[in-house]
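Fold and geometry: a report
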2 protein chains.
Amino acid sequence: MATFTVLGAGYMGTALAVVAARAGHAVRLWGTWLDDELVDPPLRGEPHPRLRLALPSEIRLFRSPEIGDALAGAEAVVCAVNSDGVIPVLERAVPHLAPDGPLLSVTKGFLPGADGRIRRISDLVSASLLEPAGLHRPWVHIGGPCKAMEVARKVPTAVVYAAADRREAERCAAWLQGPTYTISPTDDLAGAEACSAFKNAYATASGLCDGLQLRGHPEMYNTKAMLFSQAIAEITRMVVALGGRPETARGIAGVGDLHVTAAAGRNRTYGEHVGRGEPPDKVADRMRQSGELTEGYPALKTGWDLLQQMSGELSVADFPLLEALHRIVYQGADVADTLLRVKVRD
Amino acid sequence: MATFTVLGAGYMGTALAVVAARAGHAVRLWGTWLDDELVDPPLRGEPHPRLRLALPSEIRLFRSPEIGDALAGAEAVVCAVNSDGVIPVLERAVPHLAPDGPLLSVTKGFLPGADGRIRRISDLVSASLLEPAGLHRPWVHIGGPCKAMEVARKVPTAVVYAAADRREAERCAAWLQGPTYTISPTDDLAGAEACSAFKNAYATASGLCDGLQLRGHPEMYNTKAMLFSQAIAEITRMVVALGGRPETARGIAGVGDLHVTAAAGRNRTYGEHVGRGEPPDKVADRMRQSGELTEGYPALKTGWDLLQQMSGELSVADFPLLEALHRIVYQGADVADTLLRVKVRD
């Protein structure tokens, strides 16, 4: 049994707290300064407002100012905030972190470092926050098709735990594995992180097709399948260029996670609104204001910028779908004209 | 310009006739002895009853007894009947076939030969029908995500044309390629045929999940994504064992075609009924009687038999999803108990 502290009390943080409690660990769930409305109802014994479940009594809840208590002596720490929140949250967490034990993360995406260069989150956080504080916590990225609502309800789910040292991933897997939560440990941290970030960007394509249909285009299952396959091809290329392994993109971290994200989720919803003809920036603003904007919108920009940054190793011509999505979402290109003319290459 | 004869006036044969007419070829569409009700309305100038489209006037229609006229001098012949029909149809066609020119095929599946061993259709037909008649028509298998209704309506579609000699696939691609019909030629005939057959079997899994949800299980996008990814892993293994290339399974022939089939189609519908608790054989009987049963049901049996046949090269333990689906559909295993406990290995 280990002591787990989960940072972030949104959908996924809370679901992982439930998974850890189910596996018999002592679990602390800390809400950020934006999470009071998520933490307060369970503190009163009411269901979690997003997961709409009563939390197991083994989960102790902590409000934002209590971060020191939440982290004191915690062996396993789970970072479950979005890419905007990861630096501010970990800045506050670092002074309270014990030196050892894994740092698990469901945060997806790449972030620009101080020099403007885009880097993987594990890389950036380790270099800018953990190492300067003398912390050597190994990073364990959690990828794969995992909607929080479902994992909290014991719907069979398979995920990937990725760490540079595979034994760290195996240790976390042994802690959290359960009958409905299957964990595949891997040492392909770079590949798994890239898949998690890029699938959000590419999932937009499925929503764009749905939006076109809603404004009168015929059904386009053929096109969606073609774009899904193209997305996997482009994600695989990117994974390899970042030092990851192609099989990571072809397994549950890539194919699996893109599948769930393109079928259901807010990245798809974002695309649907844009496909219906609403201006992409307006949709983003509206979803941001209602707390519904997810990583796909920024991931398209970061992914595109990363592609430019890697222009020595990668050619834009090999990423026609990413280019089309970027043109639609950030340059006002017409959805049908652009998306339906993507030249796929099998 | 070439003369195209399409054998089979169902959904896909008629859609390919439309594609060929659109590309400027002389097209003849022949209906089998089961297709009178599909051919007669267009002969009277009415829409095709399944595609619900008026056919271009460039398409000449032929009823079953007119097979000789339909095939006279045809350079390109397209076999567009199901796996049950391919041998009887080609037996009647062979005496009328010119010796040269490609035989394109959308027929999916494997068939048992006279010795009971299961073989790829291209292999079996060439050895048992074409070669004995002194015909050396190269076989071009058409794979990839292609619903007939959509391709006939110019919805952007990408397909694979596969021939043992890549130049034959390229020749056909040059004939039929169009702005909304993108063809990738390949020489991986074995891989493409295996993908087309197995995706029908595996698409059942998605329907089973849908059926479970309809009888009260919670949403299971996580599970569907996990099973999709597992299906691709198993199809890839099978493709390689059959002498195909893994990238065929990972591209539009595998990932793309499984995507469209699992999202929409009668194999999914079949699974949905079974997932709701109806006996698998009863569902098959009912769908067969209404002409709605597709290849997934027999493909599960043939696929399973093929796996046994290849037990020297393949291990059943590497095909847990195929085994689960076979147990559910052919051995009466409980859907939830069996499908939701499949042990995936990433």
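Our subject in this report is the structure included herewith. (Residues numbered from 1 in each chain as written. Chains lettered and ligands numbered in written order. Predicted model: local features only at pLDDT ≥ 70, side-chain atom pairs only at ≥ 80, totals over all residues. Heavy atoms only, no water.)

Re the overall build of chain A
Threshold: Put simply, DSSP marks the helices as runs of H or I at least four residues long and the strands as runs of E at least two long, and each gets a number from the N terminus on. What the globule rule says is 2.2 Å times the number of residues to the power 0.38, and the radius of gyration is computed from C-alpha atoms. For every residue, the accessible area (1.4 Å probe, protein chains only) is compared with the maximum for its type, and the residue is labelled buried under 20%, exposed over 50%, or partly exposed between those bounds. Any two residues whose heavy atoms approach within 4.5 Å are treated as being in contact. In short, Shrake-Rupley with a 1.4 Å probe defines the accessible areas, and a residue's cover is counted only from the protein chains shown.
A tally of helices and strands in chain A yields 16 helices and 10 strands. Against the 2.2 N^0.38 benchmark of 20 Å for 346 residues, chain A shows a C-alpha radius of gyration of 20 Å, consistent with a compact globule. Dimensions of chain A, computed from the C-alpha atoms along their principal axes, are close to 55 × 45 × 35 Å. Sorting the 346 residues of chain A into buried and exposed places 61% on the buried side. Considering only contacts within chain A whose residues lie at least 6 apart along the sequence, 70% involve residues at least 24 apart. If you sum the accessible surface of chain A, you get close to 12900 Å²; carbon and sulfur atoms cover 48% of it.

Some thoughts on the pattern of salt bridges
All names here are of chain A. We count it as follows: Salt bridges are identified by distance alone: a Lys or Arg side-chain nitrogen within 4 Å of an Asp or Glu carboxyl oxygen.
Overall, the coordinates contain 36 salt bridges over all chains when judged by the stated rule. The shortest N-O distance in the salt bridge between Arg119 and Asp123 comes to 3.6 Å. A relative accessible area of 35% places Asp123 in the partly exposed class. Measuring nitrogen to oxygen at the nearest pair gives 3.1 Å for the salt bridge that ties Arg288 to Asp285. One end of the pair is Arg288 and the other is Asp285, both in helix 13 (residues 280-289) and 3 residues apart, which spans about a single turn. Of the residues examined, Arg288 reaches a relative accessible area of 46% and is grouped as partly exposed. According to the relative accessible area criterion, Asp285 is partly exposed, its value standing at 35%. One salt-bridge network, held together by shared partners, links Asp210, Lys224, Arg268 and Glu272.

Focus on the relation of the copies chain B and chain A
Note the threshold: A least-squares fit on C-alpha atoms brings the copies together, and the residues used are those whose pLDDT is at least 70 in both copies.
Turning chain B through 180 degrees and shifting it by 0.0 Å along the axis lays it on chain A, with an RMSD of 0.0 Å. The relationship between the two copies is best expressed as a two-fold rotation axis. Of every C-alpha in chain B, the one belonging to Arg250 of chain B sits nearest the axis of rotation, 3.7 Å from it.

What about the sheet that holds strand 2 (residues 26-30) of chain A?
Residue and element names in this part refer to chain A. To keep things clear, this is the line we draw: Should DSSP find at least two bridges between two strands, the strands are taken to pair. Convention adopted: a line fitted to C-alpha atoms gives each axis, helices being fitted over their contacting stretch, and angles between N-to-C directions are expressed from 0 to 180 degrees.
With mixed pairing, 8 strands are arranged side by side in an open sheet as 3-2-1-4-5-8-9-10. Only two strands of the sheet have a single neighbouring strand rather than two, namely strand 3 (59-62) and strand 10 (181-186). The mean inter-strand angle of the sheet, taken between neighbouring strand axes irrespective of direction, is 25 degrees. Looking at chain direction, strand 2 and strand 3 are connected through 4 bridges and run parallel. Along strand 3, the bridge assignment pairs Arg28 with Arg60. Along the sheet, helix 4 (residues 86-93) makes contact with strand 1 (3-7), strand 2, strand 4 (76-79), strand 5 (103-105) and strand 8 (139-143), crossing strand 1 at roughly 135 degrees. Where helix 8 (residues 189-214) meets the sheet, its contacts fall on strand 8 and strand 9 (157-162), and the angle it forms with strand 8 comes to roughly 45 degrees.

Looking at the pairing of strand 10 (residues 181-186) of chain B
Residue and element names in this part refer to chain B. Put simply, the rule is: A crossover counts as right-handed when, viewed with the strands pointing away from the observer, the path leading from the first strand over the helix to the second turns clockwise.
Taken across its 6 residues, strand 10 has 5 buried, putting it largely inside the fold. Bridging between strand 9 (residues 157-162) and strand 10 involves 6 bridges; their strand directions are parallel. Across the sheet, the residue bridging to Ala158 is Thr182, located in strand 10. In this region the chain leaves strand 9, passes through helix 7 (residues 166-176) and returns to the parallel neighbour strand 10; the handedness of that crossover is right-handed.

So, the interface of chain B and chain A
Definition in use: The term buried area means the drop in 1.4 Å probe accessible area that two parts suffer when joined, counted for both and summed. We call two N or O atoms a polar contact when they sit within 3.5 Å, provided that within protein one can donate a hydrogen and the other can accept it, with sequence-adjacent residues counted only if both atoms are side-chain atoms. Ten residue types, Ala, Val, Leu, Ile, Met, Phe, Trp, Tyr, Cys and Pro, are classed as nonpolar, four, Asp, Glu, Lys and Arg, as charged, and the remainder, Gly among them, as polar.
Taken together, the contact between chain B and chain A spans 35 residues of the former and 35 residues of the latter. Of the roughly 3100 Å² buried where chain B meets chain A, counting both sides, 63% is carbon and sulfur surface. Taken together, the connections running from chain B to chain A amount to 0 salt bridges. Our enumeration of links across chain B and chain A arrives at 12 residue pairs in polar contact (both at pLDDT 80 or more). Looking at the side of chain B that touches chain A, the elements that each hand over two or more residues are helix 6 (148-152), strand 9, strand 10, helix 9 (221-241) and helix 11 (252-263) of chain B. Here the residues of the side of chain B that touches chain A sort into 20 nonpolar, 9 polar and 6 charged.

What about helix 7 of chain B?
Residues and elements named next belong to chain B. Let me state the cut-off plainly: Note that the arc is defined by the directions from the helix axis to the C-beta atoms.
Taken residue by residue, helix 7 has Glu168, Ala169, Cys172, Ala173, Trp175 and Leu176 as its buried positions. Buried residues along helix 7 cover an arc of 160 degrees about the axis, so they all sit on one side. Exposed side of helix 7, more than 90 degrees from the buried face: Arg167 and Ala174 are the residues found there.

A look at the packing of helix 8 (residues 189-214) of chain B against helix 11 of chain B
Residues and elements named next belong to chain B. For the record, the criterion: Angular relationships are summarised with four words: roughly parallel below 35 degrees, roughly antiparallel beyond 145, roughly perpendicular across 65 to 115, and oblique for the angles in between. Helix crossings fall into two classes, left-handed where the near helix is turned counterclockwise from the far one by less than a right angle and right-handed where it is turned clockwise.
For the pair helix 8 and helix 11, interaxial distance at closest approach is 8 Å and the crossing angle is 40 degrees. Classified by the interaxial angle, the pair formed by helix 8 and helix 11 is oblique. Between helix 8 and helix 11 lies a crossing of right-handed hand. Contact residues: helix 8 offers Cys195, Ser196, Lys199, Asn200, Tyr202, Ala203 and Ser206, while helix 11 offers Ala253, Gly254, Asp257, Leu258, Thr261 and Ala262. Classifying every residue of the contact of helix 8 with helix 11 gives 6 nonpolar, 5 polar and 2 charged.

Side note on the packing of helix 11 (residues 252-263) of chain A against helix 9 of chain B
Their axes nearest at 8 Å, the elements helix 11 of chain A and helix 9 of chain B cross at an angle of 140 degrees. The orientation of helix 11 of chain A with respect to helix 9 of chain B, classified from their angle, is oblique. Viewed along their axes, helix 11 of chain A and helix 9 of chain B form a crossing whose handedness is right-handed. Here helix 11 of chain A contributes Ile252, Val255, Gly256, His259, Val260 and Ala263 of chain A to the contact with helix 9 of chain B, which in turn contributes Tyr221, Asn222, Lys224, Ala225, Phe228 and Ser229 of chain B.

Notes on the nonpolar core
Which entries qualify depends on this criterion: Only buried Ala, Val, Leu, Ile, Met, Phe, Trp, Tyr and Cys residues count toward a nonpolar core, and they belong to the same one when joined by side-chain atoms within 4.5 Å.
In terms of nonpolar packing, the biggest core is built from 173 residues, with Leu90, Tyr202, Tyr270 and Leu321 of chain A together with Leu90, Tyr202 and Leu321 of chain B touching the most fellow members. In this structure Leu90 of chain B touches Leu7, Cys79, Leu103, Val125, Leu129 and Trp139 of chain B, once residues within four positions along its chain are discounted. In this structure, Val6, Val27, Leu104 and Met149 of chain B belong to the second largest nonpolar core, which totals 40 residues.

Re the sheet that holds strand 8 (residues 139-143) of chain B
All names here are of chain B. Across the sheet, 8 strands lie side by side as 3-2-1-4-5-8-9-10; this open sheet has mixed pairing. In this open sheet, the two edge strands, each paired with only one partner strand, are strand 3 (59-62) and strand 10. Along the sheet, successive strands turn relative to each other by an average axial angle of 25 degrees, direction set aside. Across the sheet, helix 1 (residues 11-22) is in contact with strand 1 (3-7), strand 2 (26-30), strand 3, strand 4 (76-79), strand 8 and strand 10; its angle to strand 2 comes to roughly 170 degrees.

Regarding the state of the cysteines
All names here are of chain B. Put simply, the rule is: Only a pair of cysteine sulfur atoms within 2.5 Å qualifies as a disulfide here.
By the definition in use, this model includes 0 disulfides over all chains. This cysteine, Cys79, is not joined by any disulfide, and Cys172 carries the nearest cysteine sulfur, 14 Å off. In this structure Cys79 comes out as buried when scored by relative accessible area, which is 0%. We note that Cys146 lacks a disulfide partner, and the nearest cysteine sulfur, in Cys172, lies 15 Å from it.

Side note on the packing of aromatic side chains
Note the following rule: Whether two aromatic rings pair depends on their centres lying within 6.5 Å, for rings of Phe, Tyr and Trp, where Trp uses its six-membered ring; planes under 30 degrees apart make the pair stacked, over 60 edge-to-face, and the rest tilted.
For the coordinates displayed, the defined rule picks out 15 aromatic pairs over all chains. Relative to Trp175 of chain B, the ring of Phe4 of chain B has its centre 5.6 Å away and its plane inclined at 75 degrees; by these criteria the two rings are edge-to-face. Placement of Phe4 of chain B in strand 1 and of Trp175 of chain B in helix 7 is noted, with a sequence separation of 171 residues between them. This pair shows no difference in class: Phe4 of chain B is buried, exactly as Trp175 of chain B is. Residues Phe110 of chain B and Phe198 of chain B carry aromatic rings whose centres are separated by 5.8 Å and whose planes lie at 65 degrees to one another, so their mutual orientation is edge-to-face. In this pair, Phe110 of chain B is assigned in strand 6 (residues 110-112) and Phe198 of chain B in helix 8, connecting sequence segments 88 residues apart. Both residues of the pair, Phe110 of chain B and Phe198 of chain B, count as buried. Here the aromatic cluster, defined as three or more aromatic residues joined through ring pairs, consists of Phe110, Phe198 and Tyr202 of chain A.

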